[in-house]
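Spelled out from the first residue to the last, the chains are:
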2 protein chains.
Amino acid sequence: MVKEAADESEICCPSRLVLDRIGDKWSVLIVLNLGDGPKRFSELRGVLHHVTPKVLTYTLRGMERDGLLTRTVFAEVPPRVEYELTPLGHSLRPVMEPITTWAEEHVDEVLSLRKAHDTRSADEFAG
Amino acid sequence: MVKEAADESEICCPSRLVLDRIGDKWSVLIVLNLGDGPKRFSELRGVLHHVTPKVLTYTLRGMERDGLLTRTVFAEVPPRVEYELTPLGHSLRPVMEPITTWAEEHVDEVLSLRKAHDTRSADEFAG
DNA sequence: CGGGATCCGAGCCGATACTG
DNA sequence: CAGTATCGGCTCGGATCCCG
(Lines give C-alpha, C1' and ligand atoms only; values in the text may rest on other atoms or scores of the structure.)
Protein backbone atom coordinates (compact mmCIF):
# COMPACT_ATOMS: atom_id res chain seq x y z
CA MET A 1 0.00 0.00 0.00
CA VAL A 2 1.03 3.55 -0.47
CA LYS A 3 1.25 4.03 3.23
CA GLU A 4 0.25 1.84 6.07
CA ALA A 5 -0.20 2.96 9.62
CA ALA A 6 -1.18 6.36 10.87
CA ASP A 7 1.91 7.11 12.86
CA GLU A 8 3.78 10.19 13.94
CA SER A 9 4.95 11.07 10.48
CA GLU A 10 1.40 11.69 9.41
CA ILE A 11 0.70 13.75 12.45
CA CYS A 12 3.56 16.11 11.86
CA CYS A 13 3.06 16.08 8.15
CA PRO A 14 -0.38 15.28 6.81
CA SER A 15 0.93 16.16 3.40
CA ARG A 16 2.58 12.79 3.22
CA LEU A 17 -0.83 11.25 2.81
CA VAL A 18 -1.55 13.12 -0.39
CA LEU A 19 2.03 13.21 -1.49
CA ASP A 20 2.29 9.47 -1.39
CA ARG A 21 -0.85 9.11 -3.41
CA ILE A 22 0.10 11.76 -5.91
CA GLY A 23 3.55 10.31 -6.04
CA ASP A 24 2.52 6.97 -7.37
CA LYS A 25 2.60 6.67 -11.07
CA TRP A 26 -1.08 6.56 -11.91
CA SER A 27 -3.34 8.13 -9.27
CA VAL A 28 -3.23 11.65 -10.64
CA LEU A 29 -4.04 10.49 -14.13
CA ILE A 30 -6.89 8.39 -12.82
CA VAL A 31 -8.41 11.29 -10.92
CA LEU A 32 -8.20 13.51 -13.95
CA ASN A 33 -9.61 10.89 -16.26
CA LEU A 34 -12.50 10.08 -14.00
CA GLY A 35 -13.31 13.74 -13.72
CA ASP A 36 -15.64 13.57 -16.69
CA GLY A 37 -17.59 10.68 -15.26
CA PRO A 38 -17.31 7.00 -14.43
CA LYS A 39 -15.17 4.72 -16.53
CA ARG A 40 -14.72 1.02 -16.90
CA PHE A 41 -11.58 -0.88 -16.09
CA SER A 42 -10.64 -1.30 -19.73
CA GLU A 43 -11.28 2.31 -20.56
CA LEU A 44 -8.82 3.34 -17.92
CA ARG A 45 -6.31 0.83 -19.16
CA GLY A 46 -6.45 2.24 -22.63
CA VAL A 47 -6.15 5.83 -21.53
CA LEU A 48 -3.32 5.19 -19.10
CA HIS A 49 -0.83 3.98 -21.65
CA HIS A 50 -1.51 0.34 -21.15
CA VAL A 51 -0.71 0.12 -17.51
CA THR A 52 -0.73 -3.54 -16.55
CA PRO A 53 -3.92 -4.84 -14.92
CA LYS A 54 -2.15 -5.67 -11.72
CA VAL A 55 -0.85 -2.18 -11.18
CA LEU A 56 -4.10 -0.56 -12.21
CA THR A 57 -6.05 -2.76 -9.82
CA TYR A 58 -3.55 -2.06 -7.10
CA THR A 59 -3.85 1.67 -7.60
CA LEU A 60 -7.64 1.67 -7.85
CA ARG A 61 -8.00 -0.41 -4.71
CA GLY A 62 -5.79 1.97 -2.82
CA MET A 63 -7.83 4.92 -3.96
CA GLU A 64 -11.03 3.13 -3.11
CA ARG A 65 -9.67 2.44 0.34
CA ASP A 66 -8.96 6.12 0.80
CA GLY A 67 -12.48 7.01 -0.26
CA LEU A 68 -11.42 8.74 -3.45
CA LEU A 69 -13.49 6.56 -5.73
CA THR A 70 -16.12 3.85 -5.73
CA ARG A 71 -16.04 0.50 -7.44
CA THR A 72 -19.32 -0.76 -8.79
CA VAL A 73 -19.73 -4.28 -10.10
CA PHE A 74 -22.62 -4.94 -12.45
CA ALA A 75 -23.96 -8.47 -12.40
CA GLU A 76 -23.97 -8.83 -16.13
CA VAL A 77 -22.51 -10.94 -18.85
CA PRO A 78 -19.95 -9.92 -19.84
CA PRO A 79 -18.85 -8.49 -16.51
CA ARG A 80 -18.76 -4.74 -16.13
CA VAL A 81 -17.05 -2.76 -13.42
CA GLU A 82 -17.18 0.99 -13.18
CA TYR A 83 -15.02 3.33 -11.22
CA GLU A 84 -16.32 6.72 -10.22
CA LEU A 85 -14.94 9.56 -8.20
CA THR A 86 -16.52 10.27 -4.84
CA PRO A 87 -17.04 13.88 -3.80
CA LEU A 88 -13.78 13.57 -1.94
CA GLY A 89 -12.10 12.38 -5.11
CA HIS A 90 -13.61 15.24 -7.06
CA SER A 91 -12.26 17.68 -4.51
CA LEU A 92 -8.80 16.57 -5.51
CA ARG A 93 -9.23 17.64 -9.11
CA PRO A 94 -8.61 21.36 -8.60
CA VAL A 95 -5.51 20.35 -6.69
CA MET A 96 -4.19 18.08 -9.38
CA GLU A 97 -5.06 19.93 -12.54
CA PRO A 98 -2.55 22.72 -11.89
CA ILE A 99 0.13 20.07 -11.78
CA THR A 100 -0.48 19.00 -15.34
CA THR A 101 -0.88 22.58 -16.43
CA TRP A 102 2.45 23.52 -14.92
CA ALA A 103 4.04 20.51 -16.51
CA GLU A 104 2.78 21.37 -19.96
CA GLU A 105 3.91 24.95 -19.64
CA HIS A 106 7.36 24.22 -18.30
CA VAL A 107 8.38 20.84 -19.63
CA ASP A 108 10.49 22.33 -22.39
CA GLU A 109 12.18 24.73 -20.02
CA VAL A 110 13.01 22.07 -17.47
CA LEU A 111 14.29 19.72 -20.12
CA SER A 112 16.59 22.29 -21.64
CA LEU A 113 17.81 23.44 -18.23
CA ARG A 114 18.50 19.86 -17.35
CA LYS A 115 20.43 19.30 -20.53
CA ALA A 116 22.41 22.51 -19.99
CA HIS A 117 23.22 21.44 -16.45
CA ASP A 118 24.39 18.04 -17.60
CA THR A 119 26.57 19.64 -20.25
CA ARG A 120 28.15 21.95 -17.70
CA SER A 121 28.85 19.07 -15.40
CA ALA A 122 30.43 17.12 -18.19
CA ASP A 123 32.62 20.10 -19.08
CA GLU A 124 33.81 20.47 -15.52
CA PHE A 125 34.64 16.85 -15.43
CA ALA A 126 36.56 17.06 -18.67
CA GLY A 127 38.52 20.03 -17.45
CA MET B 1 -11.55 20.40 -19.24
CA VAL B 2 -9.22 17.48 -19.26
CA LYS B 3 -10.48 17.15 -22.78
CA GLU B 4 -10.38 15.08 -25.88
CA ALA B 5 -9.63 11.47 -25.21
CA ALA B 6 -6.98 11.40 -27.88
CA ASP B 7 -4.88 14.00 -26.10
CA GLU B 8 -4.90 12.32 -22.78
CA SER B 9 -1.79 10.39 -23.67
CA GLU B 10 -0.03 13.68 -24.23
CA ILE B 11 -1.20 15.09 -20.96
CA CYS B 12 0.33 12.12 -19.31
CA CYS B 13 3.85 12.52 -20.61
CA PRO B 14 4.87 16.01 -19.54
CA SER B 15 3.08 15.44 -16.28
CA ARG B 16 5.44 12.62 -15.48
CA LEU B 17 8.17 15.18 -15.13
CA VAL B 18 6.43 17.00 -12.31
CA LEU B 19 4.75 13.94 -10.92
CA ASP B 20 8.05 12.19 -10.46
CA ARG B 21 9.43 15.18 -8.66
CA ILE B 22 6.36 15.59 -6.50
CA GLY B 23 6.36 11.89 -5.92
CA ASP B 24 9.68 11.79 -4.21
CA LYS B 25 9.53 12.16 -0.54
CA TRP B 26 11.06 15.57 -0.02
CA SER B 27 10.85 17.86 -3.03
CA VAL B 28 7.49 19.37 -2.20
CA LEU B 29 8.51 20.13 1.35
CA ILE B 30 11.73 21.68 0.12
CA VAL B 31 9.93 23.96 -2.31
CA LEU B 32 7.54 25.03 0.39
CA ASN B 33 10.29 25.63 2.91
CA LEU B 34 12.43 27.61 0.53
CA GLY B 35 9.48 29.76 -0.35
CA ASP B 36 10.30 32.25 2.37
CA GLY B 37 13.86 32.65 1.23
CA PRO B 38 17.18 30.81 0.99
CA LYS B 39 18.12 28.23 3.58
CA ARG B 40 21.24 26.39 4.53
CA PHE B 41 21.74 22.66 4.30
CA SER B 42 21.36 22.15 8.03
CA GLU B 43 18.31 24.32 8.26
CA LEU B 44 16.61 22.15 5.71
CA ARG B 45 17.70 19.02 7.52
CA GLY B 46 16.09 20.21 10.71
CA VAL B 47 12.87 21.26 9.08
CA LEU B 48 12.52 18.09 7.05
CA HIS B 49 12.29 15.79 10.01
CA HIS B 50 15.90 14.82 9.99
CA VAL B 51 16.16 13.46 6.52
CA THR B 52 19.55 11.87 6.12
CA PRO B 53 22.24 13.96 4.43
CA LYS B 54 22.57 11.56 1.56
CA VAL B 55 18.93 11.73 0.61
CA LEU B 56 18.73 15.47 1.08
CA THR B 57 21.76 15.99 -1.12
CA TYR B 58 20.33 13.62 -3.68
CA THR B 59 17.05 15.50 -3.76
CA LEU B 60 18.62 18.95 -3.84
CA ARG B 61 20.94 18.00 -6.66
CA GLY B 62 18.05 16.71 -8.68
CA MET B 63 16.11 19.90 -8.17
CA GLU B 64 19.16 21.97 -9.03
CA ARG B 65 19.55 19.97 -12.21
CA ASP B 66 15.97 20.75 -13.16
CA GLY B 67 16.54 24.44 -12.55
CA LEU B 68 14.22 24.63 -9.57
CA LEU B 69 16.82 25.95 -7.18
CA THR B 70 20.37 27.23 -7.01
CA ARG B 71 23.18 26.07 -4.82
CA THR B 72 25.58 28.72 -3.58
CA VAL B 73 28.80 27.85 -1.82
CA PHE B 74 30.37 30.53 0.35
CA ALA B 75 34.13 30.30 0.71
CA GLU B 76 34.06 30.69 4.45
CA VAL B 77 35.06 28.88 7.57
CA PRO B 78 32.96 27.14 8.63
CA PRO B 79 31.55 26.25 5.23
CA ARG B 80 28.19 27.65 4.27
CA VAL B 81 25.97 26.52 1.45
CA GLU B 82 22.67 28.12 0.65
CA TYR B 83 19.84 26.80 -1.43
CA GLU B 84 17.43 29.20 -3.03
CA LEU B 85 14.48 28.80 -5.32
CA THR B 86 14.83 30.05 -8.86
CA PRO B 87 11.88 31.86 -10.47
CA LEU B 88 10.98 28.51 -11.97
CA GLY B 89 11.05 26.94 -8.54
CA HIS B 90 8.90 29.73 -7.18
CA SER B 91 6.40 29.16 -9.94
CA LEU B 92 5.89 25.72 -8.50
CA ARG B 93 4.75 27.03 -5.15
CA PRO B 94 1.16 27.87 -6.12
CA VAL B 95 0.98 24.38 -7.56
CA MET B 96 2.24 22.66 -4.46
CA GLU B 97 0.65 24.67 -1.72
CA PRO B 98 -2.88 23.48 -2.52
CA ILE B 99 -1.62 19.96 -2.07
CA THR B 100 -0.65 20.51 1.53
CA THR B 101 -3.79 22.51 2.13
CA TRP B 102 -5.94 19.69 0.81
CA ALA B 103 -3.99 17.24 2.92
CA GLU B 104 -4.49 19.19 6.10
CA GLU B 105 -8.17 19.61 5.44
CA HIS B 106 -8.90 16.02 4.54
CA VAL B 107 -6.38 13.92 6.40
CA ASP B 108 -8.84 13.04 9.13
CA GLU B 109 -11.53 12.16 6.64
CA VAL B 110 -9.27 9.95 4.57
CA LEU B 111 -7.90 8.22 7.62
CA SER B 112 -11.32 7.42 9.00
CA LEU B 113 -12.58 6.28 5.62
CA ARG B 114 -9.58 4.07 5.31
CA LYS B 115 -10.14 2.58 8.70
CA ALA B 116 -13.82 2.02 7.93
CA HIS B 117 -12.91 0.35 4.68
CA ASP B 118 -10.44 -1.92 6.38
CA THR B 119 -13.00 -2.84 9.01
CA ARG B 120 -15.55 -3.71 6.35
CA SER B 121 -13.04 -5.85 4.55
CA ALA B 122 -12.17 -7.66 7.74
CA ASP B 123 -15.84 -8.27 8.46
CA GLU B 124 -16.42 -9.76 5.05
CA PHE B 125 -13.46 -11.95 5.56
CA ALA B 126 -14.70 -13.09 8.95
CA GLY B 127 -18.17 -13.73 7.62
C1' DC C 1 -14.31 -8.63 -19.31
C1' DG C 2 -11.93 -7.85 -15.11
C1' DG C 3 -9.15 -9.26 -12.64
C1' DG C 4 -5.70 -12.62 -9.28
C1' DA C 5 -1.03 -14.98 -8.66
C1' DT C 6 3.66 -15.06 -9.18
C1' DC C 7 8.26 -13.74 -10.37
C1' DC C 8 11.41 -10.19 -10.67
C1' DG C 9 14.31 -5.96 -11.27
C1' DA C 10 15.03 -0.96 -10.38
C1' DG C 11 15.60 2.65 -7.42
C1' DC C 12 14.21 5.39 -3.62
C1' DC C 13 15.19 5.75 0.91
C1' DG C 14 17.35 5.09 5.47
C1' DA C 15 21.19 3.96 9.00
C1' DT C 16 25.78 4.25 9.92
C1' DA C 17 30.34 5.80 9.40
C1' DC C 18 33.79 8.86 7.71
C1' DT C 19 35.93 13.39 5.56
C1' DG C 20 37.53 18.33 3.86
C1' DC D 1 29.24 22.61 8.43
C1' DA D 2 28.26 20.10 4.47
C1' DG D 3 28.64 16.66 2.58
C1' DT D 4 30.56 11.43 0.68
C1' DA D 5 30.82 6.21 0.98
C1' DT D 6 28.83 1.84 1.81
C1' DC D 7 25.35 -1.41 2.79
C1' DG D 8 20.93 -2.98 2.68
C1' DG D 9 15.68 -2.96 2.76
C1' DC D 10 11.48 -2.30 0.92
C1' DT D 11 8.02 -0.90 -2.17
C1' DC D 12 6.70 0.12 -6.79
C1' DG D 13 5.61 -1.42 -10.89
C1' DG D 14 6.33 -4.30 -15.23
C1' DA D 15 5.95 -9.09 -17.50
C1' DT D 16 3.71 -13.23 -17.81
C1' DC D 17 0.35 -16.64 -16.98
C1' DC D 18 -4.09 -18.05 -15.35
C1' DC D 19 -9.12 -17.87 -13.81
C1' DG D 20 -14.44 -17.04 -13.18
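Residues numbered from 1 in each chain as written. Chains lettered and ligands numbered in written order. Predicted model: local features only at pLDDT ≥ 70, side-chain atom pairs only at ≥ 80, totals over all residues. Heavy atoms only, no water.

Enquirer: Mind laying out the relation of the copies chain B and chain A, listing which residues take part and the relevant values?
Expert: Between the two copies, chain B and chain A, the superposition gives an RMSD of 0.2 Å; the rotation angle is 180° and the shift along the axis is 0.1 Å. What we have between these two chains is a two-fold relation. Residue B:G23 of chain B places its C-alpha closer to the rotation axis than any other residue of that unit, at 1.6 Å. Of the residues that chain B buries at the interface, 91% are likewise interface residues in chain A, meaning the two copies contact each other through the same surface. (Least-squares fit on C-alpha atoms with pLDDT ≥ 70 in both. Contact = heavy atoms within 4.5 Å.)

Enquirer: Can you break down unusual backbone geometry residue by residue, with the values?
Expert: A:P78 follows A:V77 through a cis peptide bond whose omega is 0°. By the secondary structure assignment, A:P78 is in the loop between strand 2 (69-74) and strand 3 (80-85). (Helix = DSSP H or I, 4+ residues; strand = E, 2+ residues; numbered from the N terminus.)

Enquirer: Could you give me a rundown of the confidence of the model for chain A, with the residues and numbers involved?
Expert: Residues and elements named next belong to chain A. Here chain A shows a mean pLDDT of 87. Residues at 70 or above account for 88%. Per-element averaging of pLDDT across chain A places helix 1 (residues 8-12) at the bottom with 48 and strand 3 at the top with 98. Low pLDDT, under 50, characterises residues 1-11; the predicted model gives this stretch 20 contacts beyond four residues in sequence or across chains. (pLDDT = per-residue confidence, 0-100.)

Enquirer: Explain the protein's contact with DNA strand C to me, using residue names and the numbers behind them.
Expert: Around DNA strand C, the surrounding shell holds 20 residues, and the nearest of these are A:S42, A:R71, B:K25, B:K54 and B:Y58. Backbone atoms, meaning sugar and phosphate, make up 69% of the atoms of DNA strand C lying within 4 Å of the protein. At 3.4 Å, a backbone N or O of A:P79 approaches a sugar or linking oxygen of DNA strand C. Put simply, the parts of the chain that give the surface near DNA strand C at least two residues each are helix 4 (41-47), helix 5 (53-65) and strand 3 of chain A together with helix 4 (53-65) of chain B. Its residues assigned to classes, the surface near DNA strand C comprises 10 nonpolar, three polar and seven charged. (Near = heavy atom within 4 Å. Polar contact = N/O pair within 3.5 Å; in protein donor to acceptor, adjacent residues only side chain to side chain. Nonpolar A, V, L, I, M, F, W, Y, C, P; charged D, E, K, R; others polar.)

Enquirer: Describe the pairing of strand 3 of chain A, naming the residues involved and giving the relevant values.
Expert: Residues and elements named next belong to chain A. Side chains V81, Y83 and L85 of strand 3 all project onto a buried face; the interleaved residues R80, E82 and E84 project onto a face where none is buried. Relative to strand 3, strand 2 is paired through six bridges, and the arrangement is antiparallel. Bridged to R71 within strand 3 is Y83. (Buried < 20%, exposed > 50% of the residue type's maximum accessible area, 1.4 Å probe, protein only. Pairing = 2+ DSSP bridges.)

Enquirer: Pulling in residues and values, what's your account of the packing of aromatic side chains?
Expert: Residues and elements named next belong to chain A. A complete count under the given rule lists two aromatic pairs over all chains for this structure. On the basis of an interplanar angle of 45° and a centroid distance of 6.5 Å, the ring pair of F41 and Y83 is categorised as tilted. Taken together, the residues span a long stretch of sequence, with F41 in helix 4 and Y83 in strand 3 at a distance of 42 residues. Per residue, the accessibility class of F41 equals that of Y83, and both read buried. (Phe/Tyr/Trp six-rings, centres within 6.5 Å; stacked < 30°, edge-to-face > 60°.)

Enquirer: Just give me the short version of the interface of chain B and chain A, but keep the residues and values in it.
Expert: Accessible area lost on assembly of the parts is the figure often given for the size of an interface. Residue-level contacts link 43 residues of chain B with 48 residues of chain A. Carbon and sulfur atoms make up 70% of the area that chain B and chain A hide from each other, which totals about 4300 Å². Its largest share of buried area at the contact with chain A, chain B owes to B:R65, B:W102 and B:R114, together 17% of the area lost on that side. For B:R65, the salt bridge is made with A:D118, and the minimal N-O distance between the two is 2.9 Å. The tally of links from chain B across to chain A stands at eight residue pairs in polar contact (both at pLDDT 80 or more). Every element with two or more residues in the side of chain B that touches chain A is listed here: helix 1 (8-23), helix 2 (27-33), helix 4, helix 5 (87-91) and helix 6 (93-126) of chain B. Ranked by the residues each element gives to the side of chain B that touches chain A, the list is headed by helix 6 of chain B, at 16 residues. Along the lines of polarity and charge, the residues of the side of chain B that touches chain A split into 23 nonpolar, nine polar and 11 charged. (Buried area = accessible area lost by both parts, 1.4 Å probe. Salt bridge = Lys/Arg side-chain N within 4 Å of Asp/Glu carboxyl O.)

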